[in-house]
Amino acid sequence: MGTQIGKLLVKCRQEIDYTDLYGKKVGIDAYNLIYAFLAPIRYQQTGGGYLTDSEGNVTSHLSGLFYKLTNWLPNNIRPVFIFDGKPPTFKEAEIKTRQEKKKEAVLKREEALAKGDLESAMKFAAVTSKITPQIIDDAKQLIEYFGLPSIQAASEAEAQGAYMVQEGSLDAMASQDYDSFLFGSPEVIRNLTVTRRRVATKDGLIELAPEKVNFNAVLQELQFTNRDQLILLGLLVGTDYNPKGIKGIGPKTALKLVHKYPTPKALFEYLTAKYPQNEIFPFPPQMLLDYFRSPDVTESLQFKIRKPQLSKITEFLVEERDFTKTRIENQLKRMVVTRRKIKQKVDQQSLDRFF
DNA sequence: CGGAGGTA
DNA sequence: TACCTCCGG
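These numbers were taken from a predicted model, which means no experiment stands behind them. (Residues numbered from 1 in each chain as written. Chains lettered and ligands numbered in written order. Predicted model: local features only at pLDDT ≥ 70, side-chain atom pairs only at ≥ 80, totals over all residues. Heavy atoms only, no water.)

> Requested: an account of the overall build of chain A, with residues and values cited.
Scanning chain A from N- to C-terminus turns up 15 helices and nine strands. Taken against the 2.2 N^0.38 rule, which gives 20 Å for 355 residues, the C-alpha radius of gyration of chain A at 22 Å falls within 12% of a compact globule. Referenced to the eigenvectors of the C-alpha coordinate spread, the extents of chain A come out at roughly 70 × 65 × 45 Å. Residues counted as buried form 46% of the 355 residues belonging to chain A. Considering only residue pairs separated by 6 or more positions, chain A has 71% of its internal contacts joining residues 24 or more positions apart. Entry remark: accessible area of chain A is about 18,900 Å², with carbon and sulfur atoms responsible for 51%. (Helix = DSSP H or I, 4+ residues; strand = E, 2+ residues; numbered from the N terminus. Rg over C-alpha atoms; globule rule 2.2 N^0.38 Å. Buried < 20%, exposed > 50% of the residue type's maximum accessible area, 1.4 Å probe, protein only. Contact = heavy atoms within 4.5 Å. Areas by Shrake-Rupley, 256 points an atom, 1.4 Å probe, with all protein chains shown as cover.)

So this is what it looks like as structure tokens:
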């Protein structure tokens, strides 16, 4: 539902600088991020095969993670990786749909490969990404060597993260969409996990600056008085659990409807009256509302943030996963140097503020 | 995706 | 410096 509701949220987005995230603990939906690396980090020559080591272990995500972390850590951002647990039963339909799309993309890629059309093959390959236990284990290994926590959500990572921000153990959830807000996260950072890309209004590409979005600012912009209304808006335009939303209802109409029927009871009554067959939701809307209100989460999860173990990172990537030693070492060196520079700058700033 | 290395 | 294209494991 990310892009849908995004159209309604303009004023509440506040562009920020990396220094604004200094020392901030930010929840990361780990599966999401891993997918974001598996899709594009591929070989063109093979029509979109993964990067792998000599034994065939996938390394695309390790490359992505490595560069992402070496860029985050100098800014003293503290990512906390949250891994999905068991999906809620009503996500099964959506999961199946996604699987079907992948199967289809696999076939289309094979066709393209047979024709020798590497470019098309590459495009289809991006859709085929599948996370395996090996991919997860390696990601966790690298994350650990970077001194960062991997935590296990009871169910949805977004929900777990949103809970932890409310609880105060995290400062914000990093996300591209607004689902975390439906789960009640007080703060979301956008554009942290993606850079580059996005077409500028006039010409060329534009680098996306990170944005901070506060829950209260979202409510204010939408002129809502409570989280239920935000959830209702989501249900109308679509969420992971009813991805299609309601046919014919886009963000603008949805907003009007929630203003007109500002309680779940009123809105659901309106909907059942208007759509008597009641085929608009794959599940009773009350059930989805209740899920967003109180998803399955684990309370008071403990985690520790440590110093990165540079030699372990190098050893793992170079010795075990066939990365080029000089690349890894140079990048780590750069991380350390940048870290020092930024630390000096921040220390100076806080000194200046003090006087 | 992000970096390297080339070109304008 | 800005942009482009190729490549990484």
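So, next bit.
> Could you give an account of the protein's contact with DNA strand C, naming the residues involved and the relevant values?
Close contacts around DNA strand C come from 13 residues, with Tyr-43, Thr-52, Arg-321, Thr-324 and Arg-327 the closest. Counting only the atoms of DNA strand C within 4 Å of the protein, the fraction contributed by sugar and phosphate is 51%. The separation between a phosphate oxygen of DNA strand C and a polar side-chain atom of Thr-324 is 2.5 Å. In the surface near DNA strand C, the residues fall into four nonpolar, five polar and four charged. (Near = heavy atom within 4 Å. Polar contact = N/O pair within 3.5 Å; in protein donor to acceptor, adjacent residues only side chain to side chain. Nonpolar A, V, L, I, M, F, W, Y, C, P; charged D, E, K, R; others polar.)

> Go over the pairing of strand S5 (residues 78-83), please, and point to the residues and values.
The side chains of a regular strand alternate between both faces of the sheet. Within S5, five of the six residues are buried, which leaves the element mostly enclosed by the surrounding structure. By the bridge criterion, five bridges tie strand S2 (residues 25-29) to S5 in an arrangement that is parallel. Bridge pairing links Lys-25 to Arg-78 in S5. Across three bridges, S5 lies against strand S6 (residues 150-152) in parallel orientation. Pairing of Phe-81 across the sheet is with Ser-150, part of S6. (Pairing = 2+ DSSP bridges.)

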